[in-house]
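Letter by letter, the chains look like this.
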Amino acid sequence: MTDKFHQPVDAAQVPRFAGHATFMRLPAVADAEGLDIALVGIPWDGGTTNRAGARHGPREVRNYSSLMRSAHHMFGTEPYKVANIADVGDVAVNPIDLMDGLRLIENGISAIVEKGALPLAVGGDHLTTLPVLRAVAKNGPVGLIHFDAHSDTNDTYFGDNRYTHGTPFRRAIEEGLLDPARMVQIGIRGSVYGSDEHAWALKQGVRIIYMEEFVARGALEVMEEARAIVGGHATYVTFDIDSIDPSMAPGTGTPEIGGFTTREAQQLLRMLDGLNLVGADVVEVAPPFDLNGMTSIVGATVMFELLCILARQIERQKNRIAR
Ligand SMILES: [Mn+2]
């Protein structure tokens, strides 16, 4: 089975600091043909309202992903043995034209989805998730499990500008890409523009689990509720690195204190196992604000956790077909 799937470069043969800096040291391939999971970069931060830099995220996450090994120590999963996974490179982007940027990102992710592969994307700012959702929700609205410090459901910025990294999930609901009754946001915290900032999202039926509620209830209980909300239907997972405390992930554009520890994030992510996922992303890693790569290693590790969840889903599907 192993030899028909792409394998990462063996660290016992080529040390981790050598060779090509691809995601997880997997082969770089031209497109998603034959892949179960496509690792893809979205180097675009044209939706950033304050500190830009997430455009540099994919390159640094690729670099730090060289520290990941090939098996998950808790699940026992060896993702590269059960699924065909490779680095399809970065989608084309336009750093000086927002609407063209969104169009290019949607095209890039659509090319993956059309080949039947699950996209696992690394942003980019959180607006990149909107064109990804346009690509993965072509057959109808999907559910969403959203880890973030911010709800990202505001309406407009700087006048009537509707597309920023503070608005993607409002636009996605309006466009019918997300079913708000199957949406849960976890880790939301920090000061807001007004006391009614989350009123619109709550009115649509979005479940917002503030950090304070997470602290009171714990990962197990919160994720049991999140799993019940999305159920067994198609669901997307989006992980904003600013959900993690800035003491552990400072390299991001909009840091908020009081965040998840990296260990809590691992606990939360592992409880995604068994859902029906159509893709996932890690966004808002901004290397210009990072310290010695400490945020990029968090991004790479979150990516590996998500990769194992997706690989386990592929494995279950293949076993079902084989049976
Ligand atoms: Mn966000």
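Residues numbered from 1 in each chain as written. Predicted model: local features only at pLDDT ≥ 70, side-chain atom pairs only at ≥ 80, totals over all residues.

**Q** Teacher, can you tell me more about the sheet that holds strand S4 (residues 142-147) here?
**A** As a general point, the strands of a sheet are linked pairwise by backbone hydrogen bonds and lie either parallel or antiparallel. The parallel open sheet is built from eight strands, whose spatial order is S2-S1-S3-S8-S7-S4-S5-S6. Edge positions in the open sheet fall to strand S2 (85-90) and strand S6 (207-210), since each of these has one partner strand only. Direction aside, the axes of adjacent strands within the sheet are offset by 15° on average. With six bridges connecting them, strand S1 (residues 37-42) and strand S3 (residues 118-123) associate as parallel partners. The residue of S3 that forms the bridge with valine 40 is alanine 121. Helix H8 (residues 219-230) rests against S4, strand S5 (178-188), S6 and strand S7 (235-240) of the sheet, and its axis sits at about 165° to S5. Contacts from helix H10 (residues 294-322) reach S1, S3, S7 and strand S8 (277-283) within the one sheet, and its direction differs from that of S8 by about 175°. (Pairing = 2+ DSSP bridges. Helix = DSSP H or I, 4+ residues; strand = E, 2+ residues; numbered from the N terminus. Axes fitted to C-alpha atoms, helices over the stretch in contact; angles between N-to-C directions. Contact = placed C-beta atoms within 7 Å.)

**Q** Where do I start with the packing of helix H1 (residues 57-64) against H10 in this structure?
**A** To describe two helices that pack against each other, one gives the angle between their axes and the distance between the axes. Axis separation between H1 and H10 bottoms out at 8 Å; the angle between their running directions is 75°. Between H1 and H10, the angle falls in the class roughly perpendicular. Contacts between H1 and H10 involve Gly57, Glu60, Val61, Asn63 and Tyr64 on the former and, on the latter, Ser296, Ile297, Gly299, Ala300 and Met303. Here the contact of H1 with H10 is built from residues that sort into five nonpolar, four polar and one charged. (Parallel < 35°, antiparallel > 145°, perpendicular 65-115°, else oblique. Nonpolar A, V, L, I, M, F, W, Y, C, P; charged D, E, K, R; others polar.)

**Q** What is the right way to read the UniProt feature "binding site: Mn(2+) 1" (unreviewed entry) in the protein chain from this model?
**A** Sequence positions flagged by UniProt for "binding site: Mn(2+) 1" (unreviewed entry) are, in local numbering, Asp148, His150, Asp152, Asp240 and Asp242. Despite a sequence span of 95 residues, these residues sit close together in the fold, their greatest C-alpha distance being 12.1 Å. As for its placement among the helices and strands, histidine 150 is situated in the loop between S4 and helix H5 (168-174). Overall, the presence of 25 C-beta atoms within 10 Å leaves histidine 150 in the buried class. Apart from residues no more than four positions distant in its own chain, histidine 150 is found in contact with Gly166, Ile188 and Thr254. Mapped onto the secondary structure, aspartate 242 falls in the loop between S7 and helix H9 (262-270). The residues touching aspartate 242, leaving out its near neighbours within four places in the chain, are Asp148, Ala149, Thr252, Thr254, Pro255, Glu256 and Glu284. (UniProt positions renumbered as here; feature names shortened; annotations may be inferred. Buried ≥ 20, exposed ≤ 12 C-beta atoms within 10 Å, placed from the backbone.)

**Q** Mind showing me how you'd approach the pairing of S3 here?
**A** Regular strands show a simple pattern: their side chains alternate between the two faces of the sheet. Buried residues dominate S3, accounting for six of its six residues. Side chains of S3 alternate between two faces, with Leu118, Leu120 and Val122 and Pro119, Ala121 and Gly123 buried alike. When S3 meets S8, the two strands line up parallel, connected through three bridges. By the bridge assignment, leucine 120 is partnered in S8 with alanine 280.

**Q** Explain the nonpolar core to me, please; I cannot follow it from the model alone.
**A** With 94 residues, the main nonpolar core has Ile37, Leu39, Leu120, Met303, Leu306 and Leu310 as its most contacted residues. Dropping the residues within four chain positions of it, isoleucine 37 is found in contact with Ala83, Ile85, Ala117, Leu118, Leu120, Leu307, Leu310, Ala311 and Ile314. (Core = buried A, V, L, I, M, F, W, Y, C linked by C-beta atoms within 7 Å.)

**Q** Before we go on, may I ask you to explain the pairing of S8 in this structure?
**A** Counting buried positions along S8 gives seven out of seven residues, so the element sits mostly inside the fold. Pairing of S7 with S8, which is carried by six bridges, proceeds in the parallel orientation. By the bridge assignment, threonine 235 is partnered in S8 with leucine 277. As for the winding sense of the linkage, the β-α-β connection from S7 through H9 to S8 is right-handed. (Right-handed = clockwise from strand over helix to strand, strands pointing away.)

**Q** Would you mind showing me how to read the packing of H9 against H10 here?
**A** Where H9 meets H10, the closest approach of the two axes is 10 Å, and the angle between their N-to-C directions is 15°. Here H9 lies roughly parallel to H10, going by the angle between them. Here H9 and H10 pass one another in a crossing that is right-handed. Only Val298, Val302, Glu305, Leu306 and Ile309 of H10 make contact with H9, whose side of the interface consists of Thr262, Ala265, Gln266, Leu269 and Arg270. (Left-handed = near helix turned anticlockwise from the far one by under 90°.)

**Q** Explain unusual backbone geometry to me, please; I cannot follow it from the model alone.
**A** Following glycine 123, the chain continues into glycine 124 via a peptide bond in cis, with omega recorded as 15°. Turning to its location among the elements, glycine 124 is positioned in the loop between S3 and helix H4 (129-136). A positive phi is found at methionine 24, a non-glycine position, where the angle reads about 60°. By the secondary structure assignment, methionine 24 is in the segment before S1. Positive phi is not limited to glycine here, since glutamate 284 has a value of about 70°. Here glutamate 284 shows up in the loop between S8 and H10.

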